Every structure is written in C-alpha cells, then in structure tokens.
Amino acid sequence: MNFPEKKLGFGFMRMPLLNSDDQAAIDVPQLEKMVDKFFERGFTYCDTAWMYHDFMSEPTVGKAVVSRYPRDSFTIATKMPVAMLHSHEEGVEIFEKQKEKLGVDYFDFYLVHDMGRANYENAKKYDMIPFLREKKEAGEIRCLGFSCHDNAEFLDQVLTENPFFEFVQLQINYLDWENEGIQSRKCYEVCVKHNKPVIVMEPVKGGTLAKLPDAIEKRLREARPDWSMAQWAIRFAASLENVKVVLSGMSNEEQLEDNTTFMKDFVPLTDEETKLVLDAAEEIRQTIAIPCTGCRYCVEESSCPKGILIPNYFALYNTEKLRTREDWSPEKEYYANFVKNGNGKASDCIACKKCERVCPQHIKISEWMPKLKVEMEDNNYLMAE
Ligand code: SF4
Ligand code: SF4
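Here is what the cut-offs are and how they apply
By convention here, each chain's residues receive numbers from 1 onward along its written sequence. Working convention: letters from A go to chains and numbers from 1 go to ligands, in the order in which they are written. Residues qualify for local features only when their pLDDT is at least 70, as the model is predicted, and side-chain atom pairs are given and counted only at 80 or more; totals for whole chains, interfaces and linings, by contrast, use all residues. Only heavy atoms go into the side-chain values, all of them from the structure, while hydrogens and water stay out. Secondary structure elements are taken from DSSP: a helix is a run of H or I of four residues or more, a strand is a run of E of two residues or more, and numbering for both begins at the N terminus. We compute the radius of gyration over the C-alpha atoms and compare it with the globule rule, which gives 2.2 Å times the number of residues raised to the power 0.38. Residue exposure (1.4 Å probe, protein chains only): buried if accessible area is under 20% of the type maximum, exposed if over 50%, otherwise partly exposed. Contacts are assigned to residue pairs that have any heavy atoms within 4.5 Å of one another. Accessible surface is estimated by sampling points in the Shrake-Rupley manner with a 1.4 Å probe; for residues, cover comes only from the protein chains shown. When charges are tallied, Lys and Arg are placed among the positive residues and Asp and Glu among the negative ones, while His and the ends of the chain are skipped. All charge positions are set by atom: Lys at NZ, Arg at CZ, Asp at CG, Glu at CD. Throughout this description, the term nonpolar core refers to a set of buried Ala, Val, Leu, Ile, Met, Phe, Trp, Tyr and Cys residues connected via side-chain atoms within 4.5 Å. A single heavy atom is enough: if one lies within 4 Å of a molecule or strand, its residue is considered near that molecule or strand. Polar here means any residue other than Ala, Val, Leu, Ile, Met, Phe, Trp, Tyr, Cys and Pro, which are nonpolar, and Asp, Glu, Lys and Arg, which are charged; Gly is therefore polar. When a carboxyl oxygen of Asp or Glu lies within 4 Å of a side-chain nitrogen of Lys or Arg, that pair is called a salt bridge. A pair of strands is treated as paired once DSSP finds two or more bridges between them. Each axis is a line fitted through C-alpha atoms, taken for helices only over the stretch in contact, and angles between the N-to-C directions span 0 to 180 degrees. Think of it like this: strands point away, you trace from the first strand over the helix to the second, and a clockwise trace means the crossover is right-handed. We place a 1 Å grid over just the protein atoms. Points where a 1.4 Å probe fits but has no way out form a cavity, open points with protein on both sides within 12 Å along at least 5 of 7 lines form a pocket, and any residue with an atom within 4 Å of a point lines it. Grid points are joined across faces, edges and corners, and a volume is the space filled by probe spheres set on the points. As used throughout, domain bounds are those supplied by an automatic or database domain assignment. Here a Phe, Tyr or Trp ring, Trp counted by its six-membered ring, pairs with any other such ring whose centre lies within 6.5 Å, and the pair is stacked when the planes are under 30 degrees apart, edge-to-face when over 60, and tilted otherwise. Accessible area that two parts lose when put together, evaluated with a 1.4 Å probe and summed over both, is termed the buried area. For this analysis, a polar contact is any N or O atom pair within 3.5 Å, provided that within protein one partner can donate a hydrogen and the other can accept it, and provided that sequence-adjacent residues contribute only side-chain to side-chain pairs.

**Q** Can you walk me through the overall build of the protein in this structure?
**A** Scanning the protein for helices and strands turns up 16 helices and 8 strands. Against the compact-globule benchmark of 21 Å for 385 residues, the protein has a radius of gyration of 20 Å, which places it among compact chains. When its C-alpha atoms are laid out on the principal axes, the protein stretches across 60 × 50 × 45 Å. Counting all 385 residues of the protein, 55% fall into the buried class. A fraction of 76% describes how many contacts in the protein between residues 6 or more apart in sequence connect residues 24 or more apart. Of the roughly 17,000 Å² of accessible surface on the protein, 49% is carried by carbon and sulfur atoms. One finds the centroid of the 49 positive side-chain charges in the protein at a distance of 1 Å from the centroid of its 64 negative side-chain charges.

Following this line, the structure appears as structure tokens:
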C-alpha cells in the first residue's frame, strides 16, 4: 500500500470560502496557494468526498491539485456516498462522475463513506462492495477501505465479514479517545487486531480542540510554549503507531503553516505529553456543550425539512457558552443573520429526527433545538427586526 512518507493529509472539507454562508463559494486562488505550500513541504495525501462543500469539493480538488501537478506526485482519496444511493446504477454513475469531476482515471485511495449500520445495509443492498472490488481489480482503485463512525463491535463485524478492506478511516482525537459514545481507542484497537492501517479524521474535533479553556491552555503552554493547541491534538493522533495519515481540514494559510511546519519532521509525543493531553480531555469534557464536529452529514446526507443550519448553530451555541464578555455576543448576531438570510431557526424544529439518524456523533439534535431557541432567539433583539 502506497501510504505517504509524511503523516499529514489535506482534508478538502473545510476549504477557504469567499462567502461564509455559501459552502460552494470556495476561494480557489487562496486554496491553490495553500496546496502549493503543502506540496512544497513534501506532503502528498489529498482527501475529498462526493458531498463536501455542497458537491464542489471534488471539482475544486480537480482544479487546484490534479490539473496543476503530475499525477504521480500526489495521492487522491475520495468516497462512495452509500447513504445517498437509491440503486446500484446510481452508485456506478457517481463513481464515473467522480473520475470526471476530479479529472483522474484511477483513485489512489477509495472509501465506502461512513460505514455505519444503515449504510452497510445500503452498500450490501445495492451491491456496492463487489462493484468496488471489481474496480480495484481493474486498477481504477489502488487501495480500498472505508470510513467509520460506528462503535468498535460493529467495526469488528465489518472487518471480519470483509477482510479484503485494506484500511479504515476513523475519528480519533484525544477528547474522544476514552469517550464511550465515539470509542476512538476501542475502534483503533480493533484495526490493530485486524492488521488494518488507520487514517485519522477529526483530530482537532472540528476545531473544538484548537481553543481550550484558559487554565488547560496555560498548562499545555507551560509544557511546550511553542506548540499551538491544534498541534497538541494532531500530534496525539499522529503518534499512534498504526496511524498512517492524519487529515487536517485546513481553512487558511495560518493553519497550513502551523500543521506543515511541525509535521514535516514529525516526532511522536512522549509518554508524559500523552498523559498531559489525556488529563486535559477529562477537564475539557466538562466544558463543551454540544460535541458536534461540523461534519455536515445532517445537512448534506440528510436534509432538514425546516432548513435548519444544524452544525452552524451548534458551533455558535458552543462558542456562546464559552463566551467571557458579558456586553457583546457576535454569536447572536451571526445567528440572527442566518435566519434573516432565509434559513430555518431552532424554534422551527418539528423533532422529525431525520438529522439524528445520520449524525456520527449520536447527538440528540432535536432535544438541543429548544435549548438553542432559549439561548440564541429569546432576548435577542436582532431577531425582532
Ligand atoms: S429533528 Fe429538527 S433539526 Fe432535525 S431534521 Fe427534523 S426538523 Fe430538522
Ligand atoms: S450535528 Fe452531527 S451530523 Fe450534524 S454536523 Fe454535527 S456532528 Fe455532524
């Protein structure tokens, strides 16, 4: 298997935007500069997916990467959105369109996207796994794997029933390592047991671990004054022996500069440093309200009948809860603007739970909506205009 020499991968799911309300409005010139620096520093792994950025991630990677660099100088990973399929033919058509959108005739890494219980059934119902194995035989897929947000027991079942999968993409970060809902450690151990290399997604938990409560940040800075909080998080995941790539959804040059600098000649965490972040995880768990990673499955794989911008509102709610200034709330202003732009508001939720069925973090979204209403809508004078 052709895993890259350097463990950092570019996750094209949080690219720089020209308009923060529009996921399709990607700032391509800015992205190209970031891609250039990423490659200049010797990194090669690029990860995209069918539905990222309102279906615009793959064509943008085609433009910013594939059309600008020799095909053998980078590796492309993309995924089959089994959750969205209604027939075998639809899957076949998507596979062909992905090659077209990316401008490639083979994929270095190809994944069944989000192999949870329901999606596994869909993949079997529409014969997607045999189809992808045929594509591997034909050379259109070099390495076949799947991403998984389900628990360790289910992951063990999938790997036992399908031993030909070559790698697994897992959500691993120090906050979720011992979290019973996510089971990062247990899932990692299942992969080790099956001898499957791991690619890590959400090492910074959708940005949550980039900014920590003051007391925790202070402690980590005392240990390593020159490390950012995101560095601690990415280093934790990359230090695991069976991890071959850690994806980072880099949204600006500053993040790219930081990530590529310390990952260029990566040195794993010491035992003492590992203990420090795992202790920090215990404390952080007490402070974060909603453990949303911003993966957007609830708005892209499913679609809310009320047009509620679930991840955007959860991110606002979480930062609102960590707010220290009493006199000003940018979060409430952003919230009011989203609503004024025609998006549904938390109080429109009819508790249909469509979103919850696809949420990899198992968040009880419909139960949070009334709390969001109280925090973001009640007593928000901007909502009245
Ligand atoms: S439960 Fe609420 S937020 Fe979720 S899809 Fe239904 S209406 Fe939308
Ligand atoms: S609520 Fe769940 S599915 Fe939606 S963005 Fe957050 S983690 Fe992803």
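**Q** I would appreciate a short explanation of the nonpolar core in the present structure.
**A** Formed by 88 residues in total, the largest nonpolar core has its most connected members in Phe 146 and Leu 155. By residue number, the principal contributor to this core is helix α10 (residues 229-238), which donates 8 residues. Setting aside residues up to four positions removed in sequence, Leu 155 forms contacts with Phe 146, Cys 148, Val 168, Leu 170, Cys 187, Val 190 and Cys 191.

**Q** How should I be thinking about the site of ligand 2 in this particular structure?
**A** In the region of ligand 2, 13 residues are neighbours, and Cys 292, Cys 295, Arg 296, Cys 298 and Cys 359 sit closest. Residues belonging to the shell around ligand 2 are distributed by class as follows: 9 nonpolar, 3 polar and 1 charged.

**Q** I keep staring at the site of ligand 1 and nothing clicks. Help me out?
**A** Around ligand 1, the neighbouring residues are Cys 304, Pro 305, Ile 308, Ile 310, Cys 349, Ile 350, Ala 351, Cys 352, Lys 353, Lys 354, Cys 355 and Ser 366. In terms of residue class, the shell around ligand 1 is made up of 9 nonpolar, 1 polar and 2 charged.

**Q** How do you make sense of the pattern of salt bridges when you look at a structure like this?
**A** Pairing between side chains of opposite charge can happen when the charged atoms of each approach one another. Following the criterion strictly, the structure yields 30 salt bridges and no others. Close ionic contact of Lys 37 with Glu 257 constitutes a salt bridge, the shortest N to O distance being 2.8 Å. With Lys 37 in helix α1 (residues 28-40) and Glu 257 in helix α11 (residues 253-264), the pair connects residues that are 220 residues apart, well separated along the chain. With relative accessibility at 29%, the residue Glu 257 sits in the partly exposed group. Put simply, Lys 135 and Glu 96 hold a salt bridge, and the shortest N to O gap is 3.8 Å. Of this pair, Lys 135 sits in helix α6 (residues 128-137) while Glu 96 sits in helix α4 (residues 88-102), placing them 39 residues apart in sequence. We classify Glu 96 as partly exposed; its relative accessible area is 34%. Through salt bridges with shared partners, a single network forms among Glu 96, Lys 99, Lys 135 and Glu 140.

**Q** Is there a simple way to think about the sheet that holds strand β3 (residues 75-80) in this case?
**A** The strands making up a sheet are joined through hydrogen bonds of the backbone, oriented either antiparallel or parallel. Strands sit in the order β1-β2-β3-β4-β5-β6-β7-β8 around a closed barrel of 8 strands; the barrel is parallel. Between one strand axis and the next, the sheet turns through 30° on average, direction left out of account. Note that strand β5 (residues 141-148) and strand β6 (residues 167-171) share 4 bridges and pair parallel. Pairing of Cys 148 across the sheet is with Leu 170, part of β6. Its contacts with the sheet place helix α7 (residues 152-161) against β5 and β6, and it is angled at close to 155° to β5.

**Q** Even after reading the chapter, I still don't get the pairing of β6, so can you show me in this structure?
**A** Along any regular strand the residues' side chains alternate between the sheet's two faces. Of all 5 residues making up β6, 5 are buried, and the element is well covered by its neighbours. Burial along β6 is two-sided: Phe 167, Gln 169 and Gln 171 and Val 168 and Leu 170, pointing in opposite directions, are all buried. Of the crossover connections in this fold, the one passing from β5 over α7 to the parallel β6 is right-handed. Bridge count between β6 and strand β7 (residues 198-201): 4 bridges; the pairing is parallel. Within β7, the residue paired with Gln 169 across the bridge is Ile 199.

**Q** Would you mind showing me how to read the layout of surface pockets here?
**A** Taken as a whole, the second largest pocket holds about 430 Å³ of empty space. Around the second largest pocket, the lining comprises 21 residues; the ones closest to its centre are Ala 118, Asn 119, Arg 357, Val 358 and Cys 359. A class-by-class count of the residues in the lining of the second largest pocket yields 8 nonpolar, 6 polar and 7 charged. Among the domains, domain 1 (8-285) and domain 2 (297-384) are the pair contributing at least three residues each to the lining of the second largest pocket.

**Q** What am I meant to see in the packing of aromatic side chains here?
**A** Any two aromatic rings considered together are summarised by their centre-to-centre distance and by the angle between their planes. On inspection of all chains with the given rule, the structure shows 25 aromatic pairs. Geometrically, the ring pair formed by Phe 3 and Phe 167 is edge-to-face, given 6.2 Å between the ring centres and 85° between the ring planes. Highlighted residues: Phe 3 in the segment before β1 (8-11) and Phe 167 in strand β6, separated in sequence by 164 residues. Summarising the burial analysis for this pair, Phe 3 and Phe 167 share the class buried. For the ring pair Tyr 317 and Trp 368, a centre distance of 5.7 Å and an interplane angle of 65° mean the geometry is edge-to-face.

**Q** I'm lost on the domain arrangement of the protein in this one. Help?
**A** Size of an interface, as often reported, equals the accessible area lost when the parts are brought together. Once the domains are mapped, the protein shows domain 1 (8-285) and domain 2 (297-384). Taken over C-alpha atoms, the centre of domain 1 sits 26 Å from the centre of domain 2. Taken together, the contacts link 15 residues of domain 1 with 9 residues of domain 2. Around 1,100 Å² of area is buried between domain 1 and domain 2 when both sides are counted, 44% of it from carbon and sulfur atoms. The largest per-residue losses of area from domain 1 upon contact with domain 2 belong to Asp 21, Met 51 and His 149, which jointly make up 37% of the total buried on that side. Summed over the shared surface of domain 1 and domain 2, the number is 0 salt bridges. Seen at the junction of domain 1 and domain 2, the total is 2 residue pairs in polar contact (both at pLDDT 80 or more). Among the elements that take part in the side of domain 1 that touches domain 2, helix α2 (residues 52-55) stands out by supplying 3 residues, more than any other.

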